[in-house]
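An overview of the molecular structure
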Amino acid sequence: MSLADADTGRAESARVIAVANQKGGVGKTTTAINLATALAAINKRALVIDLDPQGNASTGLGIAVADRVRTSYHLLMGEADIESAATQTIVPGLWMIPSEPDLTGVEFELVTESDRAFRLRSALEGATEQFEYVLIDCPPGLGLLTLNGLVAARSILIPLQCEFFALEGLTQLLGTIERVRKGFNPSLEMEGVVLTMFDRRNNLSEQVANDVRQYLGAKVFDTVIPRNVRVSEAPSHGKPVLLYDFRSAGARAYMYLVSEMLRREQAAAAQAPVGAAAV
Ligand SMILES: Nc1ncnc2c1ncn2[C@@H]1O[C@H](COP(=O)(O)OP(=O)(O)OP(=O)(O)O)[C@@H](O)[C@H]1O
Ligand SMILES: [Mg+2]
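Residues numbered from 1 in each chain as written. Chains lettered and ligands numbered in written order. Predicted model: local features only at pLDDT ≥ 70, side-chain atom pairs only at ≥ 80, totals over all residues. Heavy atoms only, no water.

Turning to the overall build of the protein chain, a few remarks are in order. Counting its secondary structure elements, the protein chain contains twelve helices and eight strands. What you see for the protein chain is a C-alpha radius of gyration of 18 Å, in line with the 19 Å of a compact globule of 279 residues. Structurally, the protein chain occupies a C-alpha span of about 50 × 40 × 40 Å along its principal axes. Counting every position in the protein chain, which comprises 279 residues, the buried fraction comes to 53%. Sequence separation of at least 24 residues holds for 80% of the intrachain contacts in the protein chain that already meet a minimum separation of 6. Carbon and sulfur atoms make up 51% of the accessible area of the protein chain, which totals about 12,800 Å². (Helix = DSSP H or I, 4+ residues; strand = E, 2+ residues; numbered from the N terminus. Rg over C-alpha atoms; globule rule 2.2 N^0.38 Å. Buried < 20%, exposed > 50% of the residue type's maximum accessible area, 1.4 Å probe, protein only. Contact = heavy atoms within 4.5 Å. Areas by Shrake-Rupley, 256 points an atom, 1.4 Å probe, with all protein chains shown as cover.)

Right, here's the structure in full:
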């Protein structure tokens, strides 16, 4: 089935969420693919864009390397559009644009292009009606790829690993968001911070979670993603944990996260003046 055949439903543009944190290994990819899967599970049309040359989201959603033909690299280089690059994943109703190692070179290939920060945003323009949610899995670091993600997004979702240096990195990331708002995307909202790899048996996890909540208040989701071995096993089977073991604590946590996110969206929409975007 091609994307053009998919049920396009309401002609509203998608909620584009960049999953970003410059720190490596904090749960960005795990959160992007499982959140997207949880959205698809409740019949929301969702697209994941893998913006990381490592291709972890592509692997985690079961896209074989040989099938990564049209990728986010082609999207940023203007050589493919969303429709031709989107491919179906093993999750019914979930589409993705895979990545490839060539994406590493984009920063240099686009160095002389004045619109280099807006490439993904332009690619998404007019192409988001097929989807209700677009989740962008950003790479670690704050280079051009992450910048493209933040410029294209309506909001940023920050996974934060419950460990000692979590807050230190967060301050830098919040500064970056401010600069992106000033220079590129004034309406970039904060979707929220999600605490990941929380370990109940570890006092430090609890301490970090408390500190983050004190610092950011309501921006932090109540739902906490526990450290769970089924979550870490799932990618090696090419499946999100919701397919690999939907009864696991990790899978359930991502379902709770989606319902909390939708509740928050509804609450924000109810408060917003008529015609205004939800904040
Ligand atoms: N809740 C969890 N429980 C156990 N392991 C987890 C959990 N979340 C993520 N992991 C594991 O931790 C590692 C890092 O997670 P992930 O790849 O999602 O982070 P990332 O922020 O995308 O990393 P990178 O910065 O390299 O892109 C992976 O091996 C993943 O399987
Ligand atoms: Mg990743």
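The next point concerns the site of ligand 1. Around ligand 1 there are 18 residues in total, and K28, T29, T30, P226 and N228 lie nearest to it. Within the backbone of G25, one N or O atom sits 3.0 Å away from an oxygen atom of ligand 1. Interatomic distance of 2.8 Å between a backbone N/O atom of P226 and a nitrogen atom of ligand 1. Residue contributions to the shell around ligand 1 peak at three residues, all from helix α1 (residues 28-41). The residue inventory of the shell around ligand 1, partitioned by class, reads six nonpolar, eight polar and four charged. (Near = heavy atom within 4 Å. Polar contact = N/O pair within 3.5 Å; in protein donor to acceptor, adjacent residues only side chain to side chain. Nonpolar A, V, L, I, M, F, W, Y, C, P; charged D, E, K, R; others polar.)

The next subject is the side chain of H74. Among the secondary structure elements, H74 is positioned in helix α3 (residues 72-76). Not counting the four nearest positions on each side in its chain, H74 is found in contact with V69, E79, A80 and E100.

What follows is about the packing of aromatic side chains. On inspection of all chains with the given rule, the structure shows two aromatic pairs. Between the aromatic rings of F118 and F184, the centroid separation amounts to 5.9 Å while the plane-to-plane angle is 50°, which identifies the pairing as tilted. Taken together, the positions of F118 in the loop between α5 (106-109) and α6 (119-124) and F184 in the loop between α8 (166-183) and β7 (189-198) put the pair 66 residues apart, joining distant regions of the chain. What makes F118 partly exposed here is its relative accessible area of 28%. (Phe/Tyr/Trp six-rings, centres within 6.5 Å; stacked < 30°, edge-to-face > 60°.)

With that settled, consider the nonpolar core. With 55 residues, the main nonpolar core has L47, I49, I82, V106, L120, V134 and I158 as its most contacted residues. At six residues, the largest contribution of residues to this core is made by helix α7 (residues 144-152). (Core = buried A, V, L, I, M, F, W, Y, C linked by side-chain atoms within 4.5 Å.)

With mixed pairing, eight strands are arranged side by side in an open sheet as β3-β4-β2-β5-β1-β6-β7-β8. Both edges of this open sheet fall to β3 (87-88) and β8 (220-226), since each of them pairs with a single strand only. In the packing of α7 onto the sheet, the strands contacted are β1 (15-19), β5 (133-137) and β6 (155-161), and the crossing angle to β1 comes to about 150°. Helix-sheet contacts for α8 involve β6 and β7, and the interaxial angle to β6 is about 170°. (Pairing = 2+ DSSP bridges. Axes fitted to C-alpha atoms, helices over the stretch in contact; angles between N-to-C directions.)

Moving on to the environment of K28. Take K28: it is sitting in helix α1. Along the sequence, K28 and I156 sit 128 residues apart, while their C-alpha atoms lie 11 Å from each other. Not counting residues up to four positions away in its chain, the partners in contact with K28 are V19, A20, N21, K23, D137, C138, P139, P140 and P159.

The subject of this paragraph is the environment of C138. Following the sequence through the fold, C138 ends up in the loop between β5 and α7. Of the residues examined, C138 reaches a relative accessible area of 1% and is grouped as buried. Separated by 23 residues in sequence, C138 and Q161 place their C-alpha atoms 16 Å apart.

Counted according to the given criterion, the structure contains twelve salt bridges. The salt bridge involving R15 is made with E189; its shortest N-O contact spans 3.2 Å. Of this pair, R15 sits in strand β1 while E189 sits in strand β7, and the two are 174 residues apart along the sequence. Assigned by exposure class, R15 and E189 land together as buried. Linked through salt bridges whose partners overlap, the residues forming this network are R15, E189, E191 and E265. (Salt bridge = Lys/Arg side-chain N within 4 Å of Asp/Glu carboxyl O.)

Here we take up the environment of T104. By the element assignment, T104 lies in the loop between β4 (94-97) and α5. Here T104 falls in the exposed class, since its relative accessible area comes to 51%. Polar side-chain contacts of T104 include one of 2.6 Å to the backbone oxygen of P101.

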